[in-house]
Every structure is written in C-alpha cells, then in structure tokens.
Amino acid sequence: MSTSPTIGVLAVQGDVREHLVALERSGADAVTVRRPREVEAVDGLVLPGGESTTIDKLLRAFDLQGPLRERIAAGLPVYGSCAGMILLADRLADGAAGQQTLGGMDILVRRNAFGRQVDSFEEDLHIRELGGEPVRAVFIRAPWVEEAGEAVEVLARVEHGPAAGRIVAARQGNLLVTSFHPEVTGDHRVHRLFADIVRHSLRERS
Ligand code: GLN
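(A) Structural context of the site of the ligand. By nearness alone, every residue bordering the ligand is listed as G49, G50, E51, S52, C82, A83, I86, R111, N112, I140, R141 and H181. R141 is positioned with one of its backbone polar atoms (N or O) 3.0 Å from a nitrogen atom of the ligand. Out of a free accessible area of 300 Å², the ligand has 96% covered by protein chains. Structurally, the ligand is housed in the largest pocket.

(B) Spotlight on unusual backbone geometry. At D94, a position not held by glycine, the phi torsion is positive, near 65°. Within the element layout of this structure, D94 appears in the loop between β5 (89-93) and β6 (105-110).

(C) Expanded view of the side chain of S81. Tracing the backbone shows S81 in strand β4 (residues 78-81). Given a relative accessible area of 0%, S81 falls into the buried group. Of note is the side chain of S81, whose polar atom sits 2.9 Å from the backbone oxygen of F180. What S81 contacts, discounting residues up to four positions off in sequence, is H19, L47, P48, G49, T178, F180, H181, P182 and E183.

(D) Up close: the environment of I140. Locating I140 in the fold gives a position in strand β8 (residues 135-140). As a C-alpha pair, I140 and R189 span 49 residues in sequence and 19 Å in three-dimensional space.

(E) Up close: the environment of G104. Its place among the elements puts G104 in the loop between β5 and β6. Residues G104 and E18, 86 residues apart in the sequence, show an inter-C-alpha distance of 25 Å. For G104, the residues in contact, after removing those within four places along its chain, are I72, L88, D90, Q172 and L175.

(F) Quick look at the pattern of salt bridges. Here the structure, examined in full by the defined rule, presents 11 salt bridges. In this structure, the salt-bridge partner of R111 is E51, at a minimum N-O distance of 3.0 Å. Here E51 lies in the loop between β3 (44-47) and α3 (52-61) and R111 lies in the loop between β6 and β7 (120-125), a separation of 60 residues in the sequence. Taking the relative accessible area as the measure of exposure, E51 reaches 29% and is therefore partly exposed. The partner of E146 in a salt bridge is R110, and the shortest N-O contact between them spans 2.6 Å. Residue E146 is found in strand β9 (residues 144-148), and its partner R110 is found in strand β6; the two are separated by 36 residues along the sequence. Judged by its relative accessible area of 23%, R110 is partly exposed.

(G) Representation of helix α4 (residues 65-73) in the model. Among the residues of α4, Q65, P67, L68, R71 and I72 are the ones counted as buried. Buried residues of α4, seen end-on, are gathered within an arc of 165° and therefore sit on one face of the element. Among the exposed residues of α4, those oriented more than 90 degrees off its buried face are E70 and A73. Of the residues one or two after α4, G75 is the one with positive phi, at around 105°.

(H) Structural view of empty space enclosed by the protein. Applying the stated rule across the entire model yields 1 cavity of 30 Å³ or more. If you add up the space inside the largest cavity, you get close to 50 Å³. Lining the largest cavity are I127, L130, L155, A169, L176, T178, F180, V190 and L193. If you list the elements that add at least two residues to the lining of the largest cavity, you get β12 (175-178) and α6 (189-205).

Conventions we followed
Residues numbered from 1 in each chain as written. Predicted model: local features only at pLDDT ≥ 70, side-chain atom pairs only at ≥ 80, totals over all residues. Heavy atoms only, no water. Near = heavy atom within 4 Å. Polar contact = N/O pair within 3.5 Å; in protein donor to acceptor, adjacent residues only side chain to side chain. Areas by Shrake-Rupley, 256 points an atom, 1.4 Å probe, with all protein chains shown as cover. 1 Å grid on protein atoms, 1.4 Å probe; cavity = no way out; pocket = protein on both sides within 12 Å on 5 of 7 lines; lining within 4 Å. Sits in = over half its atoms within 2 Å of the grid points. Helix = DSSP H or I, 4+ residues; strand = E, 2+ residues; numbered from the N terminus. Buried < 20%, exposed > 50% of the residue type's maximum accessible area, 1.4 Å probe, protein only. Contact = heavy atoms within 4.5 Å. Salt bridge = Lys/Arg side-chain N within 4 Å of Asp/Glu carboxyl O. Arc of directions from axis to C-beta. Points joined across faces, edges and corners; volume = space filled by probe spheres on them.

In structure tokens:
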C-alpha cells in the first residue's frame, strides 16, 4: 500500500497556494507550515519563491529558523524554488545586509543573478531526471547556483543566451533546488520528483 506523505509548504510569504496544488496533484497531503510544531509534523517541506530577505526575517521572528535548521540537518527532504533556493544555500552572494539563510546545501547562490533589468524570462530546459519533454522554466528575478560542492548533483543549466551554462536546478541528497517556478506551469514533474524523494526517505527511516 502506498500512503501519501505529508508535505508542508512554508507559508510566511510567497506563492504558497500553487505549491499546495502541485503537491496534491503529485500524490501528497499538502499542508501549510507557519509554526514550529508544524515543522515537526511534516515528512518533507517546500520553501516557495517570494522575497528571501522577507522570508528570512519572518523565519526568525516566528522562531522557525532553529527548528528548520535542525530538521534539515537531520535529513528532512526540502525543495526550495527561487527564494527557497536562496534559503537552502550554505553561501550567498549579493544578499542584503544581515541576510541569513537556513543552509544545508553545499552551494553558493547569487541573488537576482540574471541582472536587475531581467525581471523575468522563460526557457525550455532538458532535465534528464524528469524524462521526456523539456521543462518550461519560468524565471522571476531568479538566483543561480554559482558554485556547487562535490556532493551536489547538477540537474539543469541555462541552455541559451548570456547566462548559458549557469546551474539552475540541483540536488544534494534529500535537498532539491530550482531557480525557476514549476508551480506556475501546470507541469508537476518537479513536485513529483520531490514527492518521490520524500517517499523514499520515509521508507529508509522505517
Ligand atoms: N529575488 C528574490 C529574492 O531575492 C527571489 C525571487 C523569487 O523567489 N521569485 O528573494
């Protein structure tokens, strides 16, 4: 019997609702996470896009930073999209003064990496782990991964234009990041991949 994992979406700021829908479509029970005890109750967590400086401040104001760091260190599967990718980075370039991350992933992430003038753009990415059709990647004031440690598996790079070659999707164990926003396209393959990571980690633990 395959049971549905409970996957939280951090709901302090950002595009929460689209992730809840994408997770439900991927076979998970999706719940919002705003309180420390809700952090304890999930099998996996999505850190949505939004404004990473605001999310960072709210995590500290709501006493969520400590519990989240602890669970990440203990192996909680986490998927970070855009601002969420920034939050999972061990190192940050072009952060705001005093900006902190949760960390967990051995990556250097550059905020607003595509330049101020590049507000948003879309590109088709070929991601082997997602098979078949290319993924329509929507970038909105997006970061990129500028350096990745040895344990990090690169899943996608920009394929065209001046940023070609930049890393925009990566995985390190139970941690998954994308610079782009798969929750807005109706293609739920990234969320399905993450739900599989969560199911796998549950099986490992039991
Ligand atoms: N530029 C935003 C930040 O630094 C991220 C944008 C996004 O999540 N769409 O937090």
